[in-house]
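Summary of structural features
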Amino acid sequence: MAADVQFARMNGLGNMILVVDMRGRTNTVTPAAAIALNADPATRFDQIMAIHDPKVDGTDAFIDILNCDGTKAQACGNGTRCVVQALASETGRKVFTFQTVAGILNAVEHEDGTVSVDMGRPVFEWNRIPLAEEFYDTSRIELQIGPIDAPILHSPSAMSMGNPHAIFWVDRDPMTFDLDRFGPLLENHPMFPEKANITLAQVTSPTSMTTRTWERGAGLTLACGSAACSAGVSGARTGRTGRKVEITVASSPNRGKLTIEWRDDDHVVMTGPAEWEWSGTLDPVTGTFRRDDDAGAAAL
């Protein structure tokens, strides 16, 4: 078996993604390889989306997701859009079904190049998110940062979108908060036994909001699809918005937008762009890589 595999450097609203083609192989991208790739500025990433042969009938692939610290992630909406774009370019198909550790994801590429991903059903039960304490209503849990009488952040909405999320509601641009200081404290707070993604969300209308996310295992990120889904659902759940919202990702280079719809069947559908940057080959064991000389079309 050849050591190197094909990969593509892509992004979803600036969320840095490496799509790695592991089809036809029995090994995986190792944590050591992930850490090595993230240490190089050329391949620094938020998530690796490793495409493996399907494990379940009726699916097109199993997607193994790694964070930049080498840990496993359950879900990555922006990364899934990148996988769809790469496979659509390779195969000419538009509709895909993937298996992840978080469940089955259905996705479709539209004529305008945007991709919709059915992220599944949200989870609100405190012990399934999971939280360390029991809360009957997880739309507002007791947690704050700052002085007791004047907290900087407080009373987040907690839920799981395949991975744990805490949404803190703020009344000004999320970029004005010192999230790089609060993020690590909240991600690792004892309230979250499996850590958590931390999002600041500013509601700007009943159909729109602006978000910024500190991502579990990745840190400050330019975008996070599952966090946008969680913010959209939590906005509707708390009566701040309707069930379909346009989310401006504040940290995205162009303040890009995602459309989040919490459908009546309880499924959450995220629609947004993906962008191919360049491709190459890498060793999934060590993380050594070579960039292709030809900047051709997006393909694995």
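Everything here concerns the structure above.
Described in the following lines is the structure provided in the data block. (Residues numbered from 1 in each chain as written. Predicted model: local features only at pLDDT ≥ 70, side-chain atom pairs only at ≥ 80, totals over all residues. Heavy atoms only, no water.)

1. As for the overall build of the protein chain
In terms of helices and strands, the protein chain carries four helices and 20 strands. Scaling as 2.2 N^0.38, a compact globule of 300 residues should have a C-alpha radius of gyration of about 19 Å, and the protein chain matches this with 18 Å. C-alpha atoms of the protein chain, sized along the principal axes, occupy 60 × 35 × 35 Å. For the protein chain, buried positions account for 57% of its 300 residues. Put simply, of all contacts in the protein chain between residues at least 6 apart along the chain, 61% involve residues at least 24 apart. Total accessible area computed for the protein chain in this model is approximately 12400 Å², and 50% of it derives from carbon and sulfur atoms. Distance from the positive charge centre (26 side chains) to the negative charge centre (38 side chains) of the protein chain: 2 Å. (Helix = DSSP H or I, 4+ residues; strand = E, 2+ residues; numbered from the N terminus. Rg over C-alpha atoms; globule rule 2.2 N^0.38 Å. Buried < 20%, exposed > 50% of the residue type's maximum accessible area, 1.4 Å probe, protein only. Contact = heavy atoms within 4.5 Å. Areas by Shrake-Rupley, 256 points an atom, 1.4 Å probe, with all protein chains shown as cover. Lys, Arg positive; Asp, Glu negative; His and termini not counted. Charge placed at Lys NZ, Arg CZ, Asp CG, Glu CD.)

2. Here we look at the packing of aromatic side chains
For any pair of aromatic rings, geometry is given as the distance between the ring centres together with the angle between the planes. By the definition in use, this model includes five aromatic pairs. Taken together, the ring pairs in this structure connect Phe7, Trp278 and Phe289 into an aromatic cluster. Above the face of the Phe177 ring, Arg172 is positioned so that its terminal group lies 3.9 Å from the ring centre. Over the ring of Trp262 we find Arg243, and its NZ or CZ is 4.0 Å from the ring centre. (Phe/Tyr/Trp six-rings, centres within 6.5 Å; stacked < 30°, edge-to-face > 60°. Lys NZ or Arg CZ within 6 Å of the ring centre and 35° of its normal.)

3. Quick notes on the nonpolar core
Within the largest apolar cluster, 46 residues are counted, with the highest numbers of intra-cluster contacts made by Ile63, Val83, Phe98 and Ile260. Broken down by element, the residue count for this core peaks at six residues, all from helix α2 (residues 77–91). Beyond its immediate sequence surroundings of up to four residues, Ile63 is in contact with Met49, Ala50, Ile51, Val83, Phe98, Gln99 and Thr100. Counting residues in each nonpolar core, the second largest holds 21 residues, with Leu131, Leu153, Ala166 and Phe177 among its members. (Core = buried A, V, L, I, M, F, W, Y, C linked by side-chain atoms within 4.5 Å.)

4. Observations regarding the pairing of strand β7 (residues 103–109)
Of the strand pairs in this sheet, strand β6 (residues 95–100) and β7 are connected by six bridges, and their pairing is antiparallel. Directly across from Phe96, in β7, lies its bridge partner Ala107. Between the antiparallel neighbours β6 and β7 lie two residues. Sheet analysis places β7 next to strand β8 (residues 115–118), joined by four bridges and oriented antiparallel. In the strand pairing of β8, Asn106 is matched with Asp118. What sits between β7 and β8 in their antiparallel hairpin is a turn of five residues, with Gly113 showing a positive phi close to 90 degrees. (Pairing = 2+ DSSP bridges.)

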